[in-house]
Amino acid sequence: MAGERIEVRCGTGWVPVCAADGLVPGRGVAALLPDGRQIAVFTDRSGTAYAIGNRDPFTGAYVLSRGLLGSAGGRAFVASPLLKQRFDLRTGRCLDDDDPARSVPVHPVRVRPADTRA
């Protein structure tokens, strides 16, 4: 992943978020999108990148980027550092609550060479 960057879809375009090798597998970083939304960006041990909303729907705190990654039933998740609810990184659904209002938004992610434009 050296020389690559993580980009997230925002509106009709892609926004560079960080250098891919700046992410520690299993840990996240918070980023602010141009439209003012906060996201949490992660890579897992296999190098797959994910981006979800950073706001924990149970507490309202912007902390999901501080959560730890894990997997359950083949699904990658992040566990909130506050109350420990787990959020599926592909769907945003809370694995510990059936209420769809307790989901987080998921953002399309791609990894691109750092020198690539558009």
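Everything below is about the structure shown above.
Every value quoted in this text rests on a predicted model; they were computed, and no experiment measured them.

Caption draft 1: Molecular detail of the side chain of glutamine 85. Its location among the elements puts glutamine 85 in the loop between β7 (75–79) and β8 (86–88). Excluding its chain neighbours within four sequence positions, the residues that come into contact with glutamine 85 are Phe58, Val78, Ala79, Ser80, Cys94 and Asp96.

Caption draft 2: Spatial organisation of the sheet that holds β8. Read across the open sheet, the three strands follow the order β6-β7-β8; overall the sheet is antiparallel. Edge strands, defined here as strands with exactly one partner in the open sheet, are β6 (68–72) and β8. Pairs of neighbouring strands in the sheet enclose a mean axial angle of 40 degrees, with direction left out of account.

Caption draft 3: Region of interest: the nonpolar core. Of all hydrophobic cores here, the largest spans twelve residues; its members are Ile6, Val8, Cys10, Val15, Ala20, Leu23, Ala31, Leu33, Ile39, Val41, Ala49 and Ala51. Those elements giving two or more residues to this core turn out to be β1 (4–10), β4 (38–43) and β5 (49–53). Broken down by element, this core gets its largest block of residues, three residues, from β1.

Caption draft 4: Molecular detail of the environment of aspartate 96. Its place among the elements puts aspartate 96 in the loop between β8 and β9 (109–113). Separated by twelve residues in the primary sequence, aspartate 96 and lysine 84 have C-alpha atoms spaced 9.3 Å apart. Those residues within four positions of aspartate 96 in sequence are excluded, and the remaining contacts are Lys84, Gln85 and Arg86. At a separation of 2.7 Å, a polar atom in the side chain of aspartate 96 contacts the main-chain amide nitrogen of arginine 86.

Caption draft 5: Here's a closer look at the pairing of β5. In terms of burial, β5 is largely enclosed, as five of its five residues are buried. When β4 meets β5, the two strands line up antiparallel, connected through five bridges. Bridged to phenylalanine 42 within β5 is tyrosine 50.

Caption draft 6: Expanded view of the pattern of salt bridges. Applying the stated criterion across every chain yields a total of six salt bridges. Taking the shortest distance from any N to any O, the salt bridge between arginine 5 and glutamate 7 comes out at 2.5 Å. Of the residues examined, arginine 5 reaches a relative accessible area of 15% and is grouped as buried. We classify glutamate 7 as buried; its relative accessible area is 2%. Between arginine 110 and glutamate 7 there is a salt bridge, with the nearest N and O atoms lying 2.6 Å from each other. Separated by 103 residues along the polypeptide, arginine 110 in strand β9 and glutamate 7 in strand β1 bring together distant segments of the chain. When sorted by exposure, arginine 110 lands in the same class as glutamate 7, which is buried.

Calculation criteria
Residues numbered from 1 in each chain as written. Predicted model: local features only at pLDDT ≥ 70, side-chain atom pairs only at ≥ 80, totals over all residues. Heavy atoms only, no water. Helix = DSSP H or I, 4+ residues; strand = E, 2+ residues; numbered from the N terminus. Contact = heavy atoms within 4.5 Å. Pairing = 2+ DSSP bridges. Axes fitted to C-alpha atoms, helices over the stretch in contact; angles between N-to-C directions. Core = buried A, V, L, I, M, F, W, Y, C linked by side-chain atoms within 4.5 Å. Buried < 20%, exposed > 50% of the residue type's maximum accessible area, 1.4 Å probe, protein only. Polar contact = N/O pair within 3.5 Å; in protein donor to acceptor, adjacent residues only side chain to side chain. Salt bridge = Lys/Arg side-chain N within 4 Å of Asp/Glu carboxyl O.

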